[in-house]
Amino acid sequence: MKFVIAAPLIALGLLSGCATTSVPAGMSAGKFVSFTCEGGKMFSARAAEDSKSVRVRGHHGSAELDMKSDGVYEGDGYTLMTKGAGAVTLMHSGKTEGKGCKPA
């Protein structure tokens, strides 16, 4: 009988674990983090508590970016890629604004 009660609780725990998203690597929820990039370029970013958006401050201003897929955020001409070949990349209007970026 204990198994019947425990199984739904385990299933609920697994489902709730799948529903959460984590803050992109190198960022802190609710705090701006400065990133340094190849060629001496810099920008800052702040992840939302739920990780569904990221606020960036770059050369072309600031923007709130919405999550489009795992590790990719877009908005107002910006694209921020936080997963992949090691480091963070920030693009604006199709041009790379920061490549090989790491938290400062």
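The sections below set out a description of the structure shown in this document. (Residues numbered from 1 in each chain as written. Predicted model: local features only at pLDDT ≥ 70, side-chain atom pairs only at ≥ 80, totals over all residues. Heavy atoms only, no water.)

Across its full length, the chain carries one helix and eight strands. From first element to last, N terminus to C terminus, the chain shows the α and β order α-β-β-β-β-β-β-β-β. The 104 residues of the chain split such that 29% are buried. If you take every contact in the chain between residues at least 6 apart in sequence, the share linking residues at least 24 apart comes to 26%. Of the accessible surface of the chain, which amounts to about 6600 Å², a share of 58% is contributed by carbon and sulfur atoms. (Helix = DSSP H or I, 4+ residues; strand = E, 2+ residues; numbered from the N terminus. Buried < 20%, exposed > 50% of the residue type's maximum accessible area, 1.4 Å probe, protein only. Contact = heavy atoms within 4.5 Å. Areas by Shrake-Rupley, 256 points an atom, 1.4 Å probe, with all protein chains shown as cover.)

On to the sheet that holds strand β6 (residues 78–81). With antiparallel pairing, the eight strands of this closed barrel are ordered in space as β1-β2-β3-β4-β5-β6-β7-β8. Each strand of the sheet is rotated relative to its neighbour by a mean of 30°, with strand direction disregarded. Where strand β5 (residues 72–75) meets β6, four bridges bridge the pair, whose relative direction is antiparallel. Paired with Tyr73 across the strands is Leu80, a residue of β6. (Pairing = 2+ DSSP bridges. Axes fitted to C-alpha atoms, helices over the stretch in contact; angles between N-to-C directions.)

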